[in-house]
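# Analysis of the macromolecular model
Here is how the chains run, residue by residue.
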Amino acid sequence: MEFTEYKKDIISIIILLTISATILYTLLNIDMKMGVYYIHDVYSYLNNALAFAGLGGSSKNHGLSPLIPFLTSLFFRLGFVSDKTILIVSGVFYIFTALGMYGLLRIRFNELLSFTGSIILITFPINIAWASKGMLDIPGLAMSIWAIYLMALGLYKNPKYYYLAFPVLILGFFTRYTVILTLPAMVMLIFFTGNPLDYIYNHLGKLLKGILSGIISLAIVLGLYRIYNIPFFFISQSSSISATSNPTASQAVSTSTAAATVNNVLYYLDNIPLYLGTRKWIPYSFKPGKYLFNKLVWIGNNPSILSYIFMAIILIGIVLYLYQLLNRYNRGKILKKRGKYFYAKVILFIIPLIFYFISFTKVSLYTSILLITVSILALFRLIRKADLNYMAIDFMFIYWGLVNITFYSYHIIKTDRYAITFTPVLAYMIVLGLYLIYMKLKDLEISEKTLNTIKVLIPVLLIIGSLGYTGYCIGENSPHTFDNQMPQDIMEASDNQRAVTDWLINHDKDYKNKEIWADDWSGIAFNLRMDVNNTASYKNLSNFTTALLKNNVDYYIAEGKNENISSEHYKIIKEEGNIVLYKRI
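Every residue gets a number counted from 1 within its own chain, in the order that chain's sequence is written. Given that the model is predicted, a residue must reach a pLDDT of at least 70 before its local features are reported, and side-chain atom pairs must reach 80 or more before they are shown or counted; all residues, however, enter totals for whole chains, interfaces and linings. Working from all heavy atoms in the structure, the side-chain values ignore hydrogens and water.

## Re the overall build of the protein
Across its full length, the protein holds 24 helices and nine strands. The criterion used for residue contact is that any of the two residues' heavy atoms lie within 4.5 Å. Contacts spanning at least 24 positions in sequence make up 72% of the contacts within the protein whose residues lie at least 6 apart. Here the accessible surface of atoms and residues is derived via Shrake-Rupley with a 1.4 Å probe, and residues count as covered only by protein chains that are part of the display. Total accessible area on the protein stands at roughly 25,900 Å², and carbon and sulfur atoms take up 62% of it. Here a strand is any run of E in DSSP of at least two residues, a helix any run of H or I of at least four, and the numbering for each starts at the N terminus.

## A few points about the packing of aromatic side chains
Two aromatic rings are characterised by how far apart their centres lie and by the angle between their planes. Ring geometry is summarised as follows: Phe, Tyr and Trp rings, the Trp one being its six-membered ring, pair when their centres sit within 6.5 Å, and such pairs are stacked at plane angles under 30 degrees, edge-to-face over 60 and tilted between the two. Tallied over the entire structure, the rule returns 31 aromatic pairs. Centre to centre, the rings of Phe 397 and Tyr 428 are 3.9 Å apart; their planes meet at 10°, and the pair counts as stacked. Pair noted here: Phe 397 is in helix α19 (residues 391-410) and Tyr 428 is in helix α20 (residues 423-443), with a separation of 31 residues, a long-range link. Residue Phe 397 is classed as buried on the basis of its relative accessible area of 1%. Here a set of aromatic residues connected by ring pairs shows up, and it is made of Tyr 177, Tyr 267, Tyr 268, Tyr 275, Phe 407, Tyr 408, Tyr 418 and Phe 422. In this scheme, the term charge over a ring applies when either NZ of a lysine or CZ of an arginine sits within 6 Å of the ring centre and within 35 degrees of the ring normal. The ring of Trp 130 has Arg 417 sitting right over it, with the charged end atom 5.4 Å from the ring centre. Type-normalised accessible area, obtained with a 1.4 Å probe on protein chains alone, sets the label of each residue: buried when under 20%, exposed when over 50%, and partly exposed for intermediate values.

## Considerations on the sheet that holds strand β6 (residues 533-534)
When DSSP finds at least two bridges between two strands, those strands are taken to pair. The mixed open sheet is built from five strands, whose spatial order is β6-β5-β7-β9-β8. Lying at the two open borders of the sheet, with one neighbouring strand each, are β6 and β8 (570-576). Pairing of strand β5 (residues 516-518) with strand β7 (residues 555-559), which is carried by three bridges, proceeds in the parallel orientation. Paired with Ala 518 across the strands is Ile 557, a residue of β7. Axis definition: a line fit to C-alpha positions, over the contact stretch in the case of helices; interaxial angles, taken between N-to-C directions, run 0 to 180 degrees. Relative to the sheet, helix α23 (residues 521-528) contacts β5, β6 and β7, its axis offset from that of β5 by approximately 135°.

## Some words on the layout of surface pockets
Buriedness of a pocket was judged along seven lines, with at least five required to meet protein on both sides within 12 Å; pockets are open sets of points on a 1 Å grid over the protein atoms alone, cavities are sets where a 1.4 Å probe fits but cannot get out, and lining residues have an atom within 4 Å of a point. Grid points are joined across faces, edges and corners, and a volume is the space filled by probe spheres set on the points. Of the volumes computed, that of the largest pocket is approximately 1,200 Å³. If you trace the largest pocket, you find 43 residues lining it, with Ile 318, Ile 376, Ile 398, Leu 402 and Met 429 closest to the centre. Residue polarity is assigned by list, with Asp, Glu, Lys and Arg as charged and Ala, Val, Leu, Ile, Met, Phe, Trp, Tyr, Cys and Pro as nonpolar; anything else, Gly included, falls into the polar class. For the lining of the largest pocket, the per-class residue count stands at 37 nonpolar, four polar and two charged.

## A look at the pairing of β7
Most of β7 sits out of view: four of its five residues are buried. Pairing of β7 with strand β9 (residues 579-584) involves five bridges; the strand directions are antiparallel. Following the sheet pairing, Tyr 555 is matched in β9 by Lys 583.

## A word on the pairing of β8
Pairing geometry for β8 and β9, over six bridges, is antiparallel. Across the sheet, the residue bridging to Tyr 570 is Arg 584, located in β9.

## With respect to the pattern of salt bridges
Definition used for salt bridges: Asp or Glu carboxyl oxygen within 4 Å of a side-chain nitrogen of Lys or Arg. Per the counting criterion, the structure on display carries twelve salt bridges. For Asp 508, the salt bridge identified is with Lys 514, shortest N-O distance 2.9 Å. What makes Lys 514 partly exposed here is its relative accessible area of 26%. Across the pair Lys 574 and Glu 576 runs a salt bridge whose closest N-O atoms are separated by 3.3 Å. Residues joined in a network through salt bridges with shared partners are Asp 9, Arg 106 and Glu 111.

## Structural notes on helix α17 (residues 342-358)
Every helix has an expected span of 1.5 Å times one less than the residues it contains. The end-to-end C-alpha separation of α17 is 25 Å, in line with the 24 Å expected for 17 residues at 1.5 Å each. Those residues of α17 not exposed but buried are Phe 342, Pro 352 and Tyr 356. Buried residues in α17, looked at end-on, bunch into an arc of 130°, giving them a common side. When the buried face of α17 is taken as reference, the exposed residues oriented beyond 90 degrees from it are Tyr 343, Ile 347 and Ile 358. Taken together, the buried residues of α17 touch α16 (328-336), α18 (365-383) and α19. The reported arc concerns the directions from the helix axis to the C-beta atoms and nothing else.

## So, α20
Taking 1.5 Å per residue as the helical rise, α20 with its 21 residues ought to reach 30 Å, and the 31 Å between its terminal C-alpha atoms agrees with that figure. α20 sits mainly inside the fold: 15 of its 21 residues count as buried. Just beyond α20, the residue with positive phi is Glu 445, at close to 60°.

## Focus: the packing of helix α22 (residues 493-507) against α23
Running from amino to carboxyl end, α22 crosses α23 at an angle of 45°, the nearest separation of the two axes being 10 Å. In terms of orientation, α22 lies oblique with respect to α23. For the element pair α22 and α23, the recorded crossing hand is right-handed. The segment α22 lies against α23, with Gln 497, Arg 498, Thr 501, Leu 504 and Ile 505 engaging Gly 523, Ile 524, Asn 527 and Leu 528. In terms of residue class, the contact of α22 with α23 is made up of four nonpolar, four polar and one charged. Convention used here: angles under 35 degrees read as roughly parallel, angles over 145 as roughly antiparallel, angles from 65 to 115 as roughly perpendicular, and any remaining angle as oblique. Take the far helix as your reference; a near helix turned counterclockwise from it by less than a right angle gives a left-handed crossing, and one turned clockwise gives a right-handed crossing.

Put into C-alpha cells, the structure is as follows:
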C-alpha cells in the first residue's frame, strides 16, 4: 500500500483522532471530578463490573447489557476500582464513533466531506452530553456504526469483511440491546443492490461464514451467561416494547433515571433541531436552571444558528436529491426499463406506506417495521435504474433512521438520550446535502477554481463552527453552573457519599452482615460492595420507620435528612454534605 495513495485519509484520521481524544479528555476532566452520583444507572453497570471481577457488588441488575461492565471489570482486577474507570472505558467508544463514521462516509464521499461529517456527528450536543457519562448510548452507537461500516466494506470492497461485521453486531447487542436495530439495515444494504439474489448466490459462502462467525460469537457469550447463571434481563426490555401495539400501554422497563414519560409519538421528530445544535450549550446544563441534571431530562432551550444551518443544508439536499432523481433523464430510464412488475412495485411502495402511517402505534412494532421495510424496498426497486451513484448507501441510512425512530416512538419512555442512535443519519444527510449542492453548482457551469474553493471553504467553516462553538461553551462553563439541585455543590456529591460509606467500613468491620438500606441504593452498593435495598419508593411515607424496624434494618443511608425517621429508633451517626447515615438504636 502506497502512503501517497492514502495520504489524505491518514492525515484526516490522525487529526480526527486528535480532536475526538481532546474533546473526550476535556469532558472526562470534568466528569471524573464529579463522579457518577447523579447517574444511578451507571452504578448498576459498576456493580456488574464488581461481580465480573469477583469483588462483590449488588446482584440486582446482573442481567444488564454486559460488555461495558465486563471491560470495566478487567481494570478492576488490576486494582483500578473506581467509578472513574467506567467513564474512561465507555468514553473511549466516543473516539471509535468518530473513526467508524469517517470510514463509513468515506465509502461514499471524499476525505474532506467524510471528515466534516465525523466532526459534525461527534459535536452534536446530544452526543457530547453523553460522551463521558459512563452510559451505554455512545458505546452502542460506535458498535452500530462499525457493524454497518464493515457490512458496507463487505459489499463494496471485499466480502471477507462479513466475517467481522456480524461478530461486531453481536458484541454491539451485548453492549446495548438496541444495537440489534442495525441488523435490518445491514441486511437491506444487500437488497439495495442492483441484483441482490445474484449477489447472494455469488457470495453465499462468505455471507454464511460471516453469519456463522456471528453465531459463534453469540454462542460464546450465551455460554458465559449460562456458566455464571446471569439472567437475560436486558433482552426482556426489547421484547416488552415490541410486543405492545400501543406505546401508551407498554411497560416502562428502562431503569434509567434519564427517562421522561412522554406519549407524543412525534417527540423525536419535533426535537431534531435541538439534536443538531442548541444555544448556550454546555456539557451538563443546556441552559442553567432548564436542565435537571439529577433527572437528566432535557426540558428546554432553543436551536442554535448551527442547527438552522444544518437544517437548511438537509432540506436543500432533499430537494436536490428528489430533483436529480426525478429529472427528465432519470424519469426516462425508470419508465423505459420499468419491466412487467412496475405497477406491482408502485403498489408495494404506496399501500404499505399508507398503512404504516395509519396504523402507527396501533399495531405491533414488528408490523410497523415490516410495513416500512416493504415500502422502502419497493421504492428502491422502482427507481434503481436512476443515474445515482451509491444510492444503496443513501437508502440504507434512510431506512436505518426510520427503523430507529419507529422503535423509540413506540417506547413509552421518551428521552432525548435515545436520539443518539439516529444522529449518524442526521450527519449523513448534512454531508449528502453538501455533496448535492456541489453537484448543482457544477451543473451551473461555475468555474472550476471557484467550485474547488467552495468545496473546501464550506466544510472548513462548518468544522470551525462546530468545534469553535463547542469549545467556547465548554470553556465558558463548568459544573458550578448548576443552580437547580441538592446538594448545591455538585463537585463534592460523590465524595460525600464515598466519605460516609468509607466511614461505615472503618467503624463496623461486620457491616456486610448487616441489613443496609439506602436512597441511592446502587451507589451505596458499589461503595460497600454488597447488596443494598432501595428505599426510593417509600422513604417519604409516614410509616417508613416501621418498615425499617420490620425488616431489621441496621443502617439507613439517606440523601438529606429524612423527617419520617423516628429519633427513638434511629440516630444520625455520620453526616457529610447531603449524605446522612442513620443507625438503629
